[in-house]
Amino acid sequence: MTKLRNTKLQITHRVIFQAVTALIISSLVILSGCNDDDENVVDEASITSIDCSGVTFDLTIDGPDISGTATVPYSGGNGVAYDTAMVISSTGVIGYTATLESGTLASGEGNLVFDITGTSTNQMGGGIAFFSVAFGGQACVLEMTLDGGFDGGMEPGAGGPGGDMGDIVDNGFSDVEAVEVTACSSASGIEKIICLAESFIALLDDEELAIVQLDYSVENAQKWSNLPEGMAGIRLGLSLGEMDSTQVAYVKALLKEVTGSKANEGWDELYQHLIADNYLGDNGGGNTYGSHNYYFALLGTPSTSGTFEIQFGGHHFALANTYIDGELVGATPSFRGIEPFGTFTYNGESYQTMNDEQAAMVAMLAGLSSDELATAQLSGTFGDLVAGPQNDNNFPATPSGLNVGGLTSAQKELVLAVIETYVADLSDTEAEKIMDKYESEIDDTYIGYSGTTSVTERNDYVRIDGPSVWIEYSTQSGVILSGTHPHSVWRDKTFDYGGN
């Protein structure tokens, strides 16, 4: 058993993986701020900044078991007491929780203390556990770096970055192209989507159908991740690697129908994600990565009545289209990340999967004056997303940053251009409807950033926070390749999971 104080926990191992996400929070019930004259007044605890990079750990380590505390400094406390059941589950290296101890904020600078407990369940033996903290109107991501070495940690070749997962199936057809399903050629809109889904279902035997088509429930809809499935272990459905060539061609025809037609967005972007993961697998990632590890599921029965969801995802990609009575009512959570980031070449073709998203964010920030940039700058450091996988509804109660309503029309267009790089992943008709909604709410939308405005350095972070739209973009260290790579999520505060 090892005792560590005043330092980030470091455990290394041959396997290093990083993942994502994050999450938290919840509602705080603030107790004090009351006085004898006004006993019914309940003030909210608030702070003006929080610094996860200044964390101090006091931990006891016993193999994968960890217990102890993490002390996180803040400033601008308002002296209010807080009693909270905030329990934050780790992402990246999973299996740990951070529970905020109750207390009273200082009037000014002070510390929040989190109890850290748990056992790593993914047994990777190293990596980073992320805890997304949101408190008192501020947010940051706490990183607990694990330096490997405990029994049970995976070795290269047994899974994780640089390794191969023993039970991964790859029939060799995952790169088969989408085909024109002639039976559906005359249909359009929701009728064509249903036709394509039913045509795919007709190709499945009973056992495959039981895997692919499940009841619609929010619990099933929440089973998505940014991690390779060999590490996440939660996705539903059948992988492209488990399908035959016709099944792959048909499922891609359906995915192509529900995604957009713009270059580097929609279907083109999805296709490039599959290629990028093949690149990653061929350049150090091993069998854990590759297009064969992307999963397709149908939640509910595709129909013009009732609820169903088309769910597709794998490493760095999550698509979740929810339909109710034949209408698309939600296309989020929608996760995008990419490694390799930037332009890369695979089999002689050049790809730039998420260059447009990053370039749009740089242009948006470059369009601000120095005073506006200062207002947009968020306090704290963001090592990952605040509202990533399994962190539903983890939005700060109060938006931070710069209000877009005070900007010029040209500056607002730059904000909308960023949003469009996410919404345009939907079919063109659906994208136009959603962009209309976000444009109508643009004056009540806020933008914020942390780190540099190049949006290329580790911990560079950009956020768009509107009445409905929530977009985050976080720059991470490379996992398989050198350099950095982005994680990004688009959520809709009202219509995640179709509003269910």
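This write-up is about the structure you can find in this document. (Residues numbered from 1 in each chain as written. Predicted model: local features only at pLDDT ≥ 70, side-chain atom pairs only at ≥ 80, totals over all residues. Heavy atoms only, no water.)

## A look at the packing of aromatic side chains
We describe a pair of aromatic rings using the distance from one ring centre to the other and the angle between the two ring planes.
Okay, so step 1: A full pass over the atoms with the stated rule returns 11 aromatic pairs.
Okay, so step 2: Here tryptophan 267 and tyrosine 271 contribute two aromatic rings whose centre-to-centre distance is 6.5 Å and whose plane-to-plane angle is 40°, an arrangement assigned as tilted. Linking tryptophan 267 with tyrosine 271, this pair stays in helix α6 (residues 266-285), spanning 4 residues, or about one helical turn.
Okay, so step 3: For tryptophan 267, a relative accessible area of 13% translates into the label buried.
Okay, so step 4: Ring centres 6.5 Å apart and planes at 85° place the aromatic pair tyrosine 438 and tryptophan 490 in the edge-to-face group. (Phe/Tyr/Trp six-rings, centres within 6.5 Å; stacked < 30°, edge-to-face > 60°. Helix = DSSP H or I, 4+ residues; strand = E, 2+ residues; numbered from the N terminus. Buried < 20%, exposed > 50% of the residue type's maximum accessible area, 1.4 Å probe, protein only.)

## Regarding the state of the cysteines
Okay, so step 1: Counted according to the given criterion, the structure contains 1 disulfide.
Okay, so step 2: Linked covalently through their sulfurs, cysteine 184 and cysteine 195 form a disulfide whose S-S length is 2.0 Å. Because the sign of the S-S torsion sets the handedness, a value of about -85° for the bond joining cysteine 184 and cysteine 195 places this disulfide among the left-handed ones. On the criterion of sequence distance, the pair formed by cysteine 184 in the loop between β13 (138-146) and α1 (189-201) and cysteine 195 in helix α1 is long-range, its members being 11 residues apart. (Disulfide = S-S within 2.5 Å.)

## Concerning the environment of leucine 378
Okay, so step 1: Residue placement: leucine 378 occurs in the loop between α8 (370-376) and β23 (402-403).
Okay, so step 2: Once residues within four sequence positions are removed from consideration, leucine 378 is found in contact with Ser400, Gly401, Gly448, Tyr449, Ser450, Tyr461 and Arg463. (Contact = heavy atoms within 4.5 Å.)

## Observations regarding the side chain of serine 427
Okay, so step 1: Mapped onto the fold, serine 427 is located in the loop between α9 (409-423) and α10 (428-440).
Okay, so step 2: A relative accessible area of 17% means that serine 427 is categorised as buried.
Okay, so step 3: Serine 427 has contacts with Glu257, Val258, Thr259 and Gly260, leaving out every residue within four places of it along the chain.

## A look at empty space enclosed by the protein
Okay, so step 1: Applying the stated rule across the entire model yields 4 cavities of 30 Å³ or more.
Okay, so step 2: Its volume calculated, the largest cavity comes out at about 120 Å³.
Okay, so step 3: Lining the largest cavity we find 16 residues, and of these Lys223, Trp224, Gln311, Phe312 and Gly313 sit closest to its centre.
Okay, so step 4: Within the residue set of the lining of the largest cavity, elements represented by two or more residues are β17 (307-314) and β18 (317-324).
Okay, so step 5: Each residue belonging to the lining of the largest cavity can be placed in one class, and the counts come to 10 nonpolar, 3 polar and 3 charged. (1 Å grid on protein atoms, 1.4 Å probe; cavity = no way out; pocket = protein on both sides within 12 Å on 5 of 7 lines; lining within 4 Å. Points joined across faces, edges and corners; volume = space filled by probe spheres on them. Nonpolar A, V, L, I, M, F, W, Y, C, P; charged D, E, K, R; others polar.)

## A closer look at unusual backbone geometry
Okay, so step 1: Following threonine 332, the chain continues into proline 333 via a peptide bond in cis, with omega recorded as 5°.
Okay, so step 2: Relative to the helices and strands, proline 333 resides in the loop between β19 (327-330) and β20 (334-337).
Okay, so step 3: Here the bond from glutamate 339 into proline 340 is cis, since omega is 15°, no more than 30 degrees from zero.
Okay, so step 4: Positive phi outside glycine occurs at asparagine 347, with the angle close to 50°.

## A look at the layout of surface pockets
Okay, so step 1: Estimates place the volume of the largest pocket at around 380 Å³.
Okay, so step 2: If you trace the largest pocket, you find 22 residues lining it, with Gly189, Ile193, Glu257, Ser427 and Glu430 closest to the centre.
Okay, so step 3: Every element with two or more residues in the lining of the largest pocket is listed here: α1, α5 (245-258), α6, β18, β19 and α10.
Okay, so step 4: With 4 residues, α10 is the single largest residue contributor to the lining of the largest pocket.
Okay, so step 5: In terms of residue class, the lining of the largest pocket is made up of 6 nonpolar, 8 polar and 8 charged.

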